[in-house]
Amino acid sequence: MRRDRILAKPAWQHFLHLEGLHDLSVPALLAADQLFEDIRATATTSPTPSDYAAWAQRSGMEPCTWLETLTIAAEVILPSELGNIAAARRLFRPTSPAGCSATSRQKVTGSVWDPCARVQSPRARRVSVHPWDLPERWQAALRRAAQGLPGEKAAAPSGHILLRMRDKLCQLAWAAREAGLEIGLTEPVIRTYLEALEARLRAREHGIRWATLRATVEELHRFARYVGEISDTDLRYLRKRLGQYELLEKGQDALKFAALLETGNTTLGLLDRADALLTRAARAKTPATRHRLRNAAAILGLYSIVPLRNADAALILGETLIWQGEAWIINTQVRKTRHRSPEPLVVPLEPTFGRYVDAVVQGDFDPRHLPALREQACASGGPLIRHADGSPPSPTHIPRVFREQTGNSFTTTRTLLHSDQAISRGEQGTRDAMVMAHQTSPQTARKYQARRVRQVAVERVQGAAAERRATLLPTELLTAIQDLNTNNRTDP
């Protein structure tokens, strides 16, 4: 549009006398002209930063570019609005769903990932070797697995399992080198490695955890079957050690159960904490602090009720987290360690829990813009949980924030849900918790109910027995027993 046609519009008649108006560029005039149209269409009398941000999203330009161009015009015709326009620019994080310099989320390409690639300036290792220092035949097998190609006696593992397998092989190679043994999947090397690992685990605060050793041998056994270069004798030894650790693990309550008892966390308690974080976010002074607190609230509020595993926790807007039918829906694939194929999990979130997603999507915008922000977030994609600058966090970010806020590991979410539901709703609660946690085995349910459930059951049984006994005992004898118990508790 030409300059004279823009300035001929009725809205511009109030500004024709201003010095510098005719020096403005056509893009600056067009931005201001669109602003006048939006003000007229929405009947807005006192635009807020959120209004400016919403109009920027509808401008047809990249939002921050439009706001920058509008700023040039506002310096001449609307200097009183410069503060609101600057605040609107701050509402957009880089790479946010509709923000400055937004980029489409990265897709996995067809390029081959090299699990043994050499990196520059690698960190020093104390109990393992670098992947590129593994035997060449092992590196070749790991690269083959990374391409998804089948091995001698096993299919290729998933990416995160392959990483874990590789790291265990690096530790085994280090143990063999320290003992002066030739690196290989042989009984002497395996025994040396496991003994060294046991010694390191025993030195930790909570002592040895048999689940760690079981998982270690599991990865060695998986690689042995994949690579196919292990004698029958050494393979039997691996299976024997795996069976031993499985038995020892069953007899040892998981560390997360003990940690839960120490912290006293419950699902409802975590939800209360999530609400408190949202309240703190509303009062925080800086945008970065508000963003961080909203993220933490979403992590506690979502994953305490939908206990996803670490590998599935990074929800992607428009892909694994969608807005449909007036509700947020988690639609993801659950990847279990012992299952080859992921399994679908679809959880429509009740508004009570969907509001944690809304808090992150809305950010510092006014609530009236939330519907548009939901639509834009799902269209643009990217992870729900991001850093304040818009960059995606590392895979360990969500579990780390959960631990910082609760004192428990991220894996306790399933235990919390099982314990709370079993205590409050009995067998039906256990069945429902299994569905939510995507579990099928009753043995798994009994495991996740943990020591807390057993303690409550014992207390209930004792309480019921005491009440029944009270109805059978003479009043005088019952009083004497109660007095005796009271004296025993108070005597030093």
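J.: What is the right way to read the packing of aromatic side chains from this model?
T.: The geometry of two aromatic rings is summed up by the distance between their centres and the angle between their planes. This model, assessed by the stated rule, comprises seven aromatic pairs. On the numbers, 6.2 Å between centres and 70° between planes, the contact of Trp12 with Phe15 is edge-to-face. The same class applies to Trp12 and to Phe15, which are both buried. Their ring planes at 0° and their centres at 5.6 Å tell us that Phe15 and Phe36 sit as a pair that is stacked.

J.: What should I look at first to understand the environment of Asp366 in this one?
T.: Mapped onto the elements of the fold, Asp366 is located in the loop between helix 14 (351–362) and helix 15 (370–380). For Asp366, a relative accessible area of 22% gives the class partly exposed. A C-alpha to C-alpha distance of 5.7 Å links Asp366 and Ser50, two positions 316 residues apart in sequence. Those residues in contact with Asp366 that lie beyond four places of it in its chain are Thr48 and Ser50. Here the side chain of Asp366 touches Thr48 through a polar contact of 3.1 Å, side chain to side chain. In terms of polar contacts, Asp366 uses its side chain to reach the side chain of Arg368, at 3.1 Å.

J.: Explain helix 5 (residues 82–90) to me, please; I cannot follow it from the model alone.
T.: Residue pairs spaced three or four apart in an α-helix point in one direction, given the helix's 3.6 residues per turn. When we look at burial in helix 5, the residues that qualify are Ile85, Ala87 and Ala88. Down the axis, helix 5 shows its buried residues gathered within 160° of arc, on one side only. As for helix 5, its buried residues are in contact with helix 3 (49–57) and helix 4 (63–77).

J.: Help me understand the packing of helix 7 (residues 159–178) against helix 9 (residues 210–227), please; the structure alone is not making it clear to me.
T.: When two helices pack together, you describe them by how their axes are tilted relative to each other and by the distance separating the axes. Relative to each other, helix 7 and helix 9 sit at 100°, their axes nearing to 9 Å. Considered as vectors, helix 7 and helix 9 are oriented roughly perpendicular to each other. Contacts between helix 7 and helix 9 pair Ile161, Arg164, Met165, Lys168, Leu169 and Leu172 from the former with Thr216, Glu219, Leu220, Arg222 and Phe223 from the latter. Of the residues contributing to the contact of helix 7 with helix 9, the split by class is six nonpolar, one polar and four charged.

J.: Got a minute to help me understand the confidence of the model for the protein chain in this structure?
T.: In low-pLDDT regions, the fine details of the predicted coordinates are not to be read closely. Chain-level pLDDT for the protein chain is 77 on average; 73% of the residues reach the 70-or-more range. In the predicted structure, residues 94–111 sits below a pLDDT of 50 and forms 39 contacts with residues beyond four places in sequence or in another chain. Contacts for the low-pLDDT stretch residues 337–341, under 50 throughout, to residues beyond four places or in other chains number seven contacts.

J.: Explanation requested: the packing of helix 13 (residues 287–303) against helix 14 in the structure shown.
T.: Helix 14 packs onto helix 13 with a crossing angle of 160° between their chain directions and a minimal axis gap of 9 Å. Taken together, helix 13 and helix 14 sit at an angle that is classed as roughly antiparallel. Here the hand of the crossing between helix 13 and helix 14 comes out left-handed. The segment helix 13 lies against helix 14, with Arg294, Asn295, Ala297, Ala298, Gly301 and Leu302 engaging Phe353, Tyr356, Val357, Ala359 and Val360. When grouped by side-chain class, the residues that make up the contact of helix 13 with helix 14 number eight nonpolar, two polar and one charged.

Calculation rules
Residues numbered from 1 in each chain as written. Predicted model: local features only at pLDDT ≥ 70, side-chain atom pairs only at ≥ 80, totals over all residues. Heavy atoms only, no water. Phe/Tyr/Trp six-rings, centres within 6.5 Å; stacked < 30°, edge-to-face > 60°. Buried < 20%, exposed > 50% of the residue type's maximum accessible area, 1.4 Å probe, protein only. Helix = DSSP H or I, 4+ residues; strand = E, 2+ residues; numbered from the N terminus. Contact = heavy atoms within 4.5 Å. Polar contact = N/O pair within 3.5 Å; in protein donor to acceptor, adjacent residues only side chain to side chain. Arc of directions from axis to C-beta. Axes fitted to C-alpha atoms, helices over the stretch in contact; angles between N-to-C directions. Parallel < 35°, antiparallel > 145°, perpendicular 65-115°, else oblique. Nonpolar A, V, L, I, M, F, W, Y, C, P; charged D, E, K, R; others polar. pLDDT = per-residue confidence, 0-100. Left-handed = near helix turned anticlockwise from the far one by under 90°.

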